[in-house]
Amino acid sequence: MSFFAYVLEYRINMAAERLALTEDPVSDICFACGFNDPSYFTRKFRQQTGLAPKEYRKAARDAALGTAP
């Protein structure tokens with residue numbers, strides 16, 4: 001794994017944790033995790049997790065509440 005790929009994966013993991021644990025807007029999380037472009041963030045987040053950030057947040061909340069399908 002290249003250094004760039006590692007950093008990207010780390011940033012996406014940080015964002016996923018914040019999405020699951022906070023109510024912060026996705027754009028705030030995007031910038032806080034080192035991304036400068038919300039569309040690039042969404043594209044890379046979806047590539048790594050299979051879900052858009054908002055979908056990921058909903059799935060994490062549903063799983064925490066035990067209401068996942």
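Above this text sits the structure in question.
Only a predicted model underlies this, so the values are computations on that prediction, with no experimental measurement involved.

Draft legend 1. Looking closely at the state of the cysteines. Enumeration according to the criterion identifies zero disulfides in this entry. Unpaired in terms of disulfides, cysteine 30 finds its nearest cysteine sulfur in cysteine 33, a separation of 8.1 Å. Overall, the relative accessible area of 2% leaves cysteine 33 in the buried class.

Draft legend 2. View of the packing of helix H3 (residues 38-49) against helix H4 (residues 53-65). The contact between H3 and H4 brings their axes to 9 Å, and the two run at 50 degrees. Relative to H4, the element H3 is oriented oblique. Where H3 approaches H4, its residues Phe41, Thr42, Phe45, Arg46 and Thr49 are matched on the opposing element by Pro53, Glu55 and Tyr56. Considering only residue class, the contact of H3 with H4 consists of four nonpolar, two polar and two charged.

Definitions and cut-offs
- Residues numbered from 1 in each chain as written.
- Predicted model: local features only at pLDDT ≥ 70, side-chain atom pairs only at ≥ 80, totals over all residues.
- Heavy atoms only, no water.
- Disulfide = S-S within 2.5 Å.
- Buried < 20%, exposed > 50% of the residue type's maximum accessible area, 1.4 Å probe, protein only.
- Axes fitted to C-alpha atoms, helices over the stretch in contact; angles between N-to-C directions.
- Helix = DSSP H or I, 4+ residues; strand = E, 2+ residues; numbered from the N terminus.
- Parallel < 35°, antiparallel > 145°, perpendicular 65-115°, else oblique.
- Contact = heavy atoms within 4.5 Å.
- Nonpolar A, V, L, I, M, F, W, Y, C, P; charged D, E, K, R; others polar.

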